[in-house]
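Working through the structure, step by step
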Amino acid sequence: QVQLVESGGGSVQPGGSLRLSCVVSGRTYSSCNIAWFRQAPGKEREFVAVIWWSGSATLYADSVKGRFTISKDDAKKTIALQMNSLKPGDTGVYFCAATTRWGDVYYRNTTYDYWGQGTQVTVSS
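Every value quoted in this text rests on a predicted model; they were computed, and no experiment measured them.

**Examining the side chain of D90**
In this structure, D90 sits in the loop between β8 (78–83) and β9 (92–99). A distance of 2.9 Å separates the side chain of D90 from the side chain of R38, its partner in a polar contact. Those residues in contact with D90 that lie beyond four places of it in its chain are R38, R67, F68, S85, V121 and V123.

So this is what it looks like as structure tokens:
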């Protein structure tokens, strides 16, 4: 079993920054790929970024590439999502998710077996 708890959401003006954190607990942490997804009101949940269990690879949605950075601190079992140059379109609930199924498609939410409760991000002037 894996448990994930997100924090760091809030309200920010366009062009601002936020840093989200996801604390992971459970014995399989070291073998999990961890991703961030987001869901805006009335829209489907969408992939944002993923980091491989080894930290050797990161992948991003085109909409956030160059603005968001995903990273991990294995000693703290924490995954961070640094979000810069935020836009109103980045508004939504952000979820972190974990999977041990490395071979499955990384951007599909069905690939991930464990989810956090989400944290709200609002970008508005």
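More follows now that the structure is in view.
**Thoughts on the environment of F68**
In this structure, F68 sits in strand β7 (residues 68–73). When the C-alpha positions of F68 and L81 are compared, they lie 6.7 Å apart, and in sequence the two are 13 residues distant. Aside from chain neighbours lying at most four places away, what touches F68 is R38, V48, Y60, L81, Q82, M83, N84, L86, D90 and Y94.

**Here's the deal with the state of the cysteines**
What the rule picks out here adds up to one disulfide. The residue that forms a disulfide with C22 is C96, at a sulfur-sulfur distance of 2.1 Å. Classification of the bridge connecting C22 and C96 rests on its S-S torsion, roughly 65°, and on that basis the disulfide is right-handed. Here C96 lies in strand β9 and C22 lies in strand β3 (residues 18–25), a separation of 74 residues in the sequence. Comparing C22 with C96, the two get one shared label, buried. Residue C32 stays outside any disulfide, its sulfur separated by 10 Å from that of C22, the closest cysteine.

**Regarding the pattern of salt bridges**
A side chain of one charge can pair with a side chain of the opposite charge if their charged atoms are brought near each other. Taken as a whole and assessed by the stated rule, the structure comprises seven salt bridges. Here K65 ties to D62 by a salt bridge, and the two come within 3.1 Å at their closest N and O atoms. No difference in accessibility class separates K65 from D62, as the two residues are exposed. Across the salt bridge formed by K72 and D74, the nearest N and O atoms sit 2.6 Å from each other. The exposure class of K72 is partly exposed, given its relative accessible area of 21%. What makes D74 partly exposed here is its relative accessible area of 43%. Members of the salt-bridge network, linked through shared partners, are R38, E46, R67 and D90.

The rules behind each value
Residues numbered from 1 in each chain as written. Predicted model: local features only at pLDDT ≥ 70, side-chain atom pairs only at ≥ 80, totals over all residues. Heavy atoms only, no water. Helix = DSSP H or I, 4+ residues; strand = E, 2+ residues; numbered from the N terminus. Polar contact = N/O pair within 3.5 Å; in protein donor to acceptor, adjacent residues only side chain to side chain. Contact = heavy atoms within 4.5 Å. Disulfide = S-S within 2.5 Å. Buried < 20%, exposed > 50% of the residue type's maximum accessible area, 1.4 Å probe, protein only. Salt bridge = Lys/Arg side-chain N within 4 Å of Asp/Glu carboxyl O.

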